[in-house]
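# Observations on the three-dimensional arrangement
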Amino acid sequence: MSQLLDPHQPVRDHHLLNDRAIEWIRTMSRKWVILAVTAIATTAAAVLIFQRPLSVTVVRPESDVPLRIYGLGTVEARVLSRVGFEVGAALLSLSADLGDHVAKDQELAKLHPAEQEARVARAEAAIDANAAALLKAKAGVEKARAVLAEREVANKRLQDLARKDVASVQRAEEAQRDEDVARAEFAVAEADAAVVAAQGADSVAALKFEKTLLEHHRLLSPYDAVVVARHAEPGTVVRAGDPIFTLIDPTSVWIQAYIDEERAGRLALAQPATIRLRSQPQREFVGTVTRIGLESDRTNEERRVWLTCTDCPVPMYLGEQAEVRITTGSRPSALMVPEVAITGFDGHHGKVWLLKDGKLTQATLTFGDRDDRGRVEVSGSLPEGASIVADPLPQGREARAAKAEATP
């Protein structure tokens, strides 16, 4: 009760509040001082960093620079044939297998010939029957000719007698009629002989046709070839046109490569190239551009080229991946800038960073040909004393201090 009525209680509370306020003010002051010092230190560090020269790599002139185009492709064969029979039947035998070398006109396979041999025999019998019919028709022609000659003589005699009134007019008319009938029968006999002769020619053609079909029961190699694939086995019933073998001409093996349209402008026939096969990445082979496609791929925006190889290994495996580098020219001296260092590049112009008098500056340059290392030739001139920065500079800014490092 006495504590509740203590007259000094308001004075003590007042002093307590003042002490807490003073302590809070001191704490906040220390925090603000720390923040201010940190901000000043950060600003000073940033200023020091940005004032420190930036180390950059610059492009140096190169001598004897080859200009090459890179392409990716596969091993193919210009002469590739999927051969089969022109008729259908059961496969009797096959005489070649995958990897075999076969000569032109060598037998590769044979169909069961019994049915076709029967057709040939029937065609031969038809020729024999026609020959007999032709002999009969010719005999009929000779008979009709003899009858006509007899009737002509008889008619002439009766016509003379009728003019002398020795024979009657009626007998003369009958003789004339008999001659006309004999002449008509002679014409019919000759026509019958011609029909039989025509049928004979048809029989000969039919026999030739059947013999040709019989020959088609043997599959022959169309050229000196290598068997790439065998698609059927003996006993299989095949239809006309079904592939039995896949053949290639081993002398027609080449590389089909795809070149980016953006880099294909300087392609030309007979340009030298190097070829690297995926199965032998440690070796490079000598190639030559033999054909350039006249139609580009509309989806991939690539142009097809074909290259022959003079020292490639034997055998070559169709479908194997190959890298090609085609030499389109060379420069005795050139500045080659990596494409990654060019911004806004449209294939001819673009911006690069230049190092001049220890400062960075941006400039738009003109570029020309490219090489297979992702670099572009500088075709325009540079400001005097300036060097091109070879690296992309996302932190670059105008007039920033920089120094050139040794070019790797």
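Keep in mind it's a predicted model, so treat the numbers as computed, not measured. (Residues numbered from 1 in each chain as written. Predicted model: local features only at pLDDT ≥ 70, side-chain atom pairs only at ≥ 80, totals over all residues. Heavy atoms only, no water.)

Another point: the nonpolar core. Core analysis: the largest hydrophobic core is formed by 23 residues, its most contacted members being Ile255, Leu307 and Ile326. Breaking this core down by element, the ones donating at least two residues are strand E2 (62–77), strand E11 (253–260), strand E12 (272–277), strand E13 (285–292), strand E14 (302–309) and strand E15 (321–334). Per element, the largest residue contribution to this core is 4 residues, and it comes from E11. Here leucine 307 is in contact with Trp254, Ile255, Ala257, Ala273, Thr288, Val289, Thr290, Val324 and Ile326, once residues within four sequence places are set aside. Ranked by size, the runner-up nonpolar core spans 21 residues in total, among them Val102, Leu108, Ile244 and Phe245. (Core = buried A, V, L, I, M, F, W, Y, C linked by side-chain atoms within 4.5 Å. Buried < 20%, exposed > 50% of the residue type's maximum accessible area, 1.4 Å probe, protein only. Helix = DSSP H or I, 4+ residues; strand = E, 2+ residues; numbered from the N terminus. Contact = heavy atoms within 4.5 Å.)

Within the fold, asparagine 130 resides in helix H2 (residues 114–163). The contacts of asparagine 130, once residues within four sequence positions are left out, are Val196, Gln199, Gly200 and Ser203.

Let us now look at the state of the cysteines. Under the criterion given, the structure shown has 1 disulfide. Across the disulfide, cysteine 309 is cross-linked to cysteine 312 (sulfur-sulfur distance 1.8 Å). Disulfide cysteine 309-cysteine 312: the torsion about the S-S bond is 95°, which places it as right-handed. In this structure cysteine 312 comes out as buried when scored by relative accessible area, which is 14%. (Disulfide = S-S within 2.5 Å.)

The next point concerns the confidence of the model for the protein chain. Averaged over all residues, the pLDDT of the protein chain is 86; the fraction at 70 or higher stands at 88%. In this model residues 1–5 is a low-confidence stretch, pLDDT under 50, and it forms 0 contacts with partners more than four residues away in sequence or in other chains. (pLDDT = per-residue confidence, 0-100.)

Turning to H2, a few remarks are in order. Since the α-helix advances by 3.6 residues per turn, residues separated by three or four positions end up pointing in the same direction. The end-to-end C-alpha distance of H2, which contains 50 residues, comes to 73 Å, matching closely the 74 Å that a straight helix rising 1.5 Å per residue would cover. If you check which residues of H2 are buried, you get Gln116, Val120, Ala123, Asn130, Leu134, Ala137, Val141, Ala144, Leu148, Asn155, Leu158 and Ala162. Just downstream of H2 lies aspartate 165, where phi reads positive at about 60°. (Expected span 1.5 Å × (residues − 1).)

Bringing the packing of aromatic side chains into the picture now. Taken as a whole, this structure holds 2 aromatic pairs when the rule is applied. Look at tryptophan 254 and tryptophan 306: their rings are 5.9 Å apart centre to centre, the planes differ by 35°, and that puts the pair in the tilted class. Placement of tryptophan 254 in strand E11 and of tryptophan 306 in strand E14 is noted, with a sequence separation of 52 residues between them. On the accessibility criterion, tryptophan 254 (6% relative accessible area) is buried. Relative to phenylalanine 367, the ring of phenylalanine 345 has its centre 5.6 Å away and its plane inclined at 85°; by these criteria the two rings are edge-to-face. A residue pair is termed long-range when its members are at least 10 positions apart, and phenylalanine 345 in the loop between strand E16 (336–338) and strand E17 (349–356) and phenylalanine 367 in strand E18 (residues 359–370) qualify at 22 residues. Looking at arginine 291, its charged tip hangs above the ring of tryptophan 306, at a distance of 5.5 Å from the centre. (Phe/Tyr/Trp six-rings, centres within 6.5 Å; stacked < 30°, edge-to-face > 60°. Lys NZ or Arg CZ within 6 Å of the ring centre and 35° of its normal.)

Let's shift gears to the sheet that holds strand E3 (residues 80–84). Reading across from one edge, E3-E10-E8-E5 is the order of the 4 strands in this open sheet, with antiparallel pairing throughout. Of all strands in the sheet, those bounded by a partner on one side alone are E3 and strand E5 (101–102). Where E5 meets strand E8 (residues 225–230), 2 bridges bridge the pair, whose relative direction is antiparallel. Each residue of the ladder has a partner; that of valine 102, found in E8, is alanine 225. (Pairing = 2+ DSSP bridges.)

Turning to the pattern of salt bridges, a few remarks are in order. Going through the model one piece at a time under the given rule, you end up with 24 salt bridges. One salt bridge in this structure joins arginine 218 and glutamate 107, with 2.7 Å as the shortest N-O distance. Taken together, the positions of arginine 218 in strand E7 (residues 218–220) and glutamate 107 in strand E6 (residues 107–111) put the pair 111 residues apart, joining distant regions of the chain. Judged by its relative accessible area of 24%, glutamate 107 falls in the partly exposed class. (Salt bridge = Lys/Arg side-chain N within 4 Å of Asp/Glu carboxyl O.)

Moving on: the packing of H2 against helix H3 (residues 169–215). Axis separation between H2 and H3 bottoms out at 7 Å; the angle between their running directions is 165°. Classified by the angle between their axes, H2 and H3 sit roughly antiparallel to one another. The chirality of how H2 crosses H3 is left-handed. Classifying every residue of the contact of H2 with H3 gives 27 nonpolar, 9 polar and 16 charged. (Axes fitted to C-alpha atoms, helices over the stretch in contact; angles between N-to-C directions. Parallel < 35°, antiparallel > 145°, perpendicular 65-115°, else oblique. Left-handed = near helix turned anticlockwise from the far one by under 90°. Nonpolar A, V, L, I, M, F, W, Y, C, P; charged D, E, K, R; others polar.)

Read around the closed barrel, 6 strands run E2-E11-E14-E13-E12-E15, paired in antiparallel fashion. Direction aside, the axes of adjacent strands within the sheet are offset by 45° on average. As paired strands, E13 and E14 are joined by 5 bridges and run antiparallel to one another. Its bridge partner lying in E14, arginine 291 is registered against tryptophan 306.

On to the pairing of E14, then. Inspection of the sheet shows E11 paired to E14 by 6 bridges, in the antiparallel sense. By the bridge assignment for E14, glutamine 256 is matched with tryptophan 306.

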